[in-house]
Each structure stands twice: as structure tokens, then as C-alpha cells.
Amino acid sequence: DRECATVIKAVVLDMDGTVLPVNSWQELHRCCGLLEAEDQVMLRWYSEGAVSYRQWTDLIASIYKTRGVATRDAVRAAFDRCAVDPSAEELVADIQRRGLRLFLLSGGVDELVGRVADHLRIEERAANHRIEYAADGRFEGFEIQADDAQFKAMRLLAFCGRHGLSPHECMC
């Protein structure tokens, strides 16, 4: 009997810790006044099921707003510190040379996901969060699509559907 091998036709990359060596959320929190200890407590609450994903995101947003330092400029400064890993640039170039489809799929913020995707010349991208600002540039809140795992699963299936792929033909 011959073993059936799945042929990889697409590569799906995450952003934080994959193409970025840093965690963009930690950079964002630092610029917007959220302490690491606070972040860890709220992450534990979410992980233990004490709060939903939406509640966790709303808690972070309320701290950003209360501290009063979260602005469009602060967010952009945080994202400016999120440089693409040079090894990721090489990897993406190699994937593109091989003719495989690429998809940047992140639980991060659309502004940074767009920057990173543009830098790497990845046409298809999806971000779970969008930041809403007041007219004067103050942070107003997050618009989220879904819980991160649910968001990524839905977007992966949609990507596969658009390209006639099975998820088994994607390397994530």
C-alpha cells in the first residue's frame, strides 16, 4: 500500500510570534497604559472561562480609555516598533517563488496586519480587531469579529472556499 501524501497548496501565517518577533498586543498595551500584570490577570480570567472573549476585550478597552493615553498616534507608535522578522521575509519570498498561495490570518489589529501584509506583499489577509477612534484621535474601543479561534477557523474555511482548497492542503 502506498501512503497518500497531502500536497500543500497554501501557507497560512499568523502574525505575532511568526512574522513578527514581538507580540503586537504587548506593544499596544504598553503604549496605551495597560500594565503587564493587569494583562496577565485578565488573560487568566479568559483562559479559565471567568470572562468571555468580548468581555476580556471590553475590559482592556475600558482600561485604555480610563488611562487616557490611548490615541491614534500612540497606537501607530506601538505598531512602528513591530518590525517584520527578516527570516519571515525570506520564508515568504520562498513560498511565493514556489507558487503557493499565502494568507496572513491574525487575531491582531487590522491596521498592523495591513502594514505587515503590504510589507511582505501578501495580498490575502484578515484581522480580528479594528480600533475605533473619536474624531480627535482618542481611542474609543475595539470592533471584533469573533473569539480568536472561531474567527481564524471561519476565515480559514472562507479562504479555502475561495480557492477550491481543503484545509488539509493548507500549512498553518
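Okay, so let's go over this structure. In every chain, residue numbers begin from 1 and rise along the written sequence. The predicted origin of the model limits local features to residues at a pLDDT of at least 70 and limits the giving and counting of side-chain atom pairs to 80 or more, whereas totals for whole chains, interfaces and linings rest on all residues. To obtain the side-chain values, all non-hydrogen atoms of the structure were included, while hydrogens and water were left out.

## Remarks on the pairing of strand 4 (residues 139–144)
Line of reasoning, step 1. When DSSP finds two or more bridges between two strands, those strands count as paired. A run of DSSP states H or I qualifies as a helix once it reaches four residues; a run of E qualifies as a strand once it reaches two. Both are numbered from the N-terminal end. For strand 3 (residues 124–133) and strand 4, the ladder comprises five bridges, and the chain directions are antiparallel. Among the inter-strand pairings, Y133 is bridged to a residue of strand 4, identified as F139.
Line of reasoning, step 2. The turn linking strand 3 back onto strand 4 is made up of five residues, and G137 within it adopts a positive phi angle of 95°.

## Brief notes about the sheet that holds strand 5 (residues 170–171)
Line of reasoning, step 1. One open sheet holds the five strands; their spatial order is 4-3-2-1-5, and the pairing between them is mixed. Each edge of the sheet is formed by a strand with only one pairing partner; in this case those strands are strand 4 and strand 5.
Line of reasoning, step 2. Should any heavy atoms of two residues lie within 4.5 Å, those residues are counted as being in contact. Only the stretch in contact is used when a helix axis is fitted, and all axes are lines through C-alpha atoms; the angle between N-to-C directions ranges over 0 to 180 degrees. Across the sheet, helix 1 (residues 24–32) is in contact with strand 2 (101–109), strand 3 and strand 4; its angle to strand 2 comes to roughly 30°.

## Topic: unusual backbone geometry
Line of reasoning, step 1. Notably, R121 is not glycine yet its phi reads approximately 60°, a positive angle.
Line of reasoning, step 2. As for its position among the elements, R121 is in the loop between helix 6 (110–120) and strand 3.
Line of reasoning, step 3. Assessed through its relative accessible area of 69%, R121 is described here as exposed. Throughout, exposure labels follow a simple rule: accessible area from a 1.4 Å probe, protein chains only, divided by the maximum for the residue type, with under 20% read as buried, over 50% as exposed, and the rest as partly exposed.

## Remarks on the nonpolar core
The nonpolar side chains of a soluble globular protein tend to be buried, and buried together.
Line of reasoning, step 1. Here, nonpolar core refers to any group of buried Ala, Val, Leu, Ile, Met, Phe, Trp, Tyr and Cys residues whose side-chain atoms link them within 4.5 Å. Counting residues in each nonpolar core, the largest one holds 43 residues, and the members touching the most others are V19, L28, Y64, L104, V116 and F142.
Line of reasoning, step 2. Sort the elements by how many residues they give to this core and helix 3 (residues 53–67) lands first, with six residues.
Line of reasoning, step 3. Residues contacting F142, with those up to four places away along its chain left out, are W25, L28, R54, T57, I60, A61, Y64, H129, R130, I131 and E132.
Line of reasoning, step 4. Core analysis: the next-biggest nonpolar cluster, separate from the first, contains twelve residues, F103, F151, F159 and L165 among them.

## Quick look at the pattern of salt bridges
Line of reasoning, step 1. Put simply, a salt bridge is a Lys or Arg side-chain nitrogen that is within 4 Å of an Asp or Glu carboxyl oxygen. According to the stated counting rule, one finds 17 salt bridges in the structure shown.
Line of reasoning, step 2. With its nearest N and O atoms 2.9 Å apart, the salt bridge here joins R30 to E27. Of the two residues, R30 and E27 both sit in helix 1, three residues apart, roughly one turn of that helix.
Line of reasoning, step 3. On the basis of relative accessibility, which here comes to 10%, the residue E27 falls in the buried class.

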